[in-house]
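Here's the letter readout for the chains.
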Amino acid sequence: MTPAEREQAEALVTAYAMGALDPAEAARAQALLDDSPELQRVFEEAIDAAALLAAVVSDVEPPPGLRDRILEAVRREQTDTG
Amino acid sequence: MVSAVSFEAELVARCGAGDERAIAALYDRFGRAAFVLARRVTRDDSMAEDVVQDAFLDVWRAAARFDPERAAVSTWLFTFVHRRAIDAVRRASVRPRPYPGDVDALPEPVDPVDVAVAVQSGEEAARVQHALGKLPERERRVLELAYVRGLSQSEVAAELGAPLGTVKSRTHTALAHMRQLLSEAAT
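Since the model is a prediction, treat every value here as computed from it, not as a measurement.

Participant: Just checking my understanding: could you explain the interface of chain A and chain B for this structure?
Facilitator: Facing 48 residues of chain A, the contacting portion of chain B comprises 56 residues. For the pairing of chain A and chain B, the buried interface totals around 5,000 Å² over both sides, and the portion due to carbon and sulfur atoms is 66%. By the criterion of area lost to chain B, the three top residues of chain A are M18, L53 and V56 of chain A, representing 13% of everything that side buries. Counting across the chain A and chain B interface gives 9 salt bridges. At the boundary of chain A and chain B, one finds 19 residue pairs in polar contact (both at pLDDT 80 or more). If you list the elements that add at least two residues to the side of chain A that touches chain B, you get helix 1 (3-17), helix 2 (23-35), helix 3 (37-57) and helix 4 (66-81) of chain A. Looking at the side of chain A that touches chain B element by element, the count peaks at 16 residues for helix 3 of chain A. Its residues placed into classes, the side of chain A that touches chain B shows 31 nonpolar, 4 polar and 13 charged.

Right, dumping it as structure tokens:
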């Protein structure tokens, strides 16, 4: 990969972490990630900052019942496996 | 004082040991960010809800294998959310679109610091807000357009009258910068 290609690839996986790609581009980004642990690291670095930032600038709240649904699912899991 | 980072890793370890209060605590800490991320990828509220539920179940199942040396808890958790969200979009074959209403609802330019203050209080928000305020103007601008107004990279490029490649690399730099500022603030 040339430095310019590398820069493009990093930019693409960053946009992927942000959820800013259309499905075709997203598939391309995922293929790059599957092939490269280094890009995987770039992706992981981006996703953390992206998710925290998104939460701070958004006024969206998760649905009120979601927390309970998750706890119920976890309990079911414990009953099934434990 | 126990650092936030090791406290989060401790929560994951407790999930691995079957303590369901720990998954509740992780949800209280990261649930909202997880939902916003899922919604951003799927552009659909009900899909995002299912994604977050599945992702937290993934976290629960994988908790015993979590290696705190390898990744931060937040990174690890958001990766599950992202993967589930991408899968959901693929299954539904829904084309991503701008959030209905968001683009018109928010006048520009939006001061990210004001937005952050208005939207959320707490330590995490303060850290993110601080980091955002330290970014160079042109980097902050791409993040604002992407996150505050919910634009895709192509839409950001059109808005700024800049080439798509420039927007992508600037976004990359901005987030890397954010990440660096956030980790400095955490230590």
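Participant: What is the right way to read the packing of helix 2 (residues 20-42) of chain B against helix 4 (residues 73-92) of chain B from this model?
Facilitator: For any two helices packed against each other, the geometry is given by the interaxial angle and the distance between the axes. Residue and element names in this part refer to chain B. Interaxial distance between helix 2 and helix 4 falls to 9 Å at its minimum, and their mutual angle equals 35°. In this structure, helix 2 meets helix 4 at a crossing whose hand is right-handed. Touching L26, F30, A33, A34, L37, A38, V41 and T42 of helix 2 are V73, S74, L77, F78, V81, H82, A85, I86 and V89, all from helix 4. In terms of residue class, the contact of helix 2 with helix 4 is made up of 14 nonpolar, 3 polar and no charged.

Participant: Just checking my understanding: could you explain the side chain of R40 of chain B for this structure?
Facilitator: Mapped onto the secondary structure, R40 of chain B falls in helix 2. Buried and unpaired, R40 of chain B has no salt bridge, with E155 of chain B as the nearest side chain of opposite charge at 7.7 Å.

Participant: For this particular structure, what's the right way to read the environment of H130 of chain B?
Facilitator: Residue position: H130 of chain B is located in helix 7 (residues 123-134). Between the C-alpha atom of H130 of chain B and that of A176 of chain B, which follows or precedes it by 46 residues, the distance is 15 Å.

Participant: Got a minute to help me understand the pattern of salt bridges in this structure?
Facilitator: Pairing between side chains of opposite charge can happen when the charged atoms of each approach one another. Within this structure, the stated rule accounts for 20 salt bridges over all chains. For R32 of chain B, the salt bridge identified is with E61 of chain A, shortest N-O distance 3.2 Å. In this pair, R32 of chain B sits in helix 2 while E61 of chain A sits in the loop between helix 3 and helix 4, so the two residues belong to two different chains. On the basis of relative accessibility, which here comes to 13%, the residue R32 of chain B falls in the buried class. One salt bridge in this structure joins R84 of chain B and D58 of chain B, with 2.7 Å as the shortest N-O distance. In this pair, R84 of chain B sits in helix 4 while D58 of chain B sits in helix 3 (residues 45-62), placing the two residues 26 residues apart along the sequence. Residue classification places D58 of chain B among the buried residues on the basis of a relative accessible area of 12%. Where salt bridges share partners, they join R6, E10 and E38 of chain A into one cluster.

Conventions we followed
- Along each chain, residues carry numbers from 1 onward, in the same order as the chain's sequence is written.
- Here chains are named by letter from A upward and ligands by number from 1 upward, in the order in which they appear as written.
- In keeping with the model being predicted, local features are shown solely for residues with a pLDDT of at least 70 and side-chain atom pairs are shown and tallied solely at 80 or more, while totals for entire chains, interfaces and linings include all residues.
- As a rule here, side-chain values cover all heavy atoms of the structure and leave hydrogens and water aside.
- Should any heavy atoms of two residues lie within 4.5 Å, those residues are counted as being in contact.
- Take the accessible area each of two parts loses on contact, using a 1.4 Å probe, and add the two losses: that sum is the buried area.
- By salt bridge we mean one thing: a side-chain nitrogen of Lys or Arg within 4 Å of a carboxyl oxygen of Asp or Glu.
- The definition of a polar contact used here is a pair of N or O atoms within 3.5 Å, where within protein one atom must be able to donate a hydrogen and the other to accept one, and adjacent residues in sequence count solely through side-chain atom pairs.
- A run of H or I in DSSP counts as a helix once it spans at least four residues, and a run of E counts as a strand once it spans at least two, with each numbered from the N terminus.
- Residues were grouped as follows: Ala, Val, Leu, Ile, Met, Phe, Trp, Tyr, Cys and Pro as nonpolar; Asp, Glu, Lys and Arg as charged; and all remaining residues, including Gly, as polar.
- Each axis is a line fitted through C-alpha atoms, taken for helices only over the stretch in contact, and angles between the N-to-C directions span 0 to 180 degrees.
- Note on convention: the crossing is left-handed when the near helix lies turned anticlockwise from the far helix by less than a right angle, right-handed when the turn is clockwise.
- The rule is simple: take the accessible area with a 1.4 Å probe, protein chains only, and divide by the maximum for that residue type; under 20% is buried, over 50% is exposed, in between is partly exposed.
- Charge assignment: positive for Lys and Arg, negative for Asp and Glu; neither His nor the chain ends contribute.

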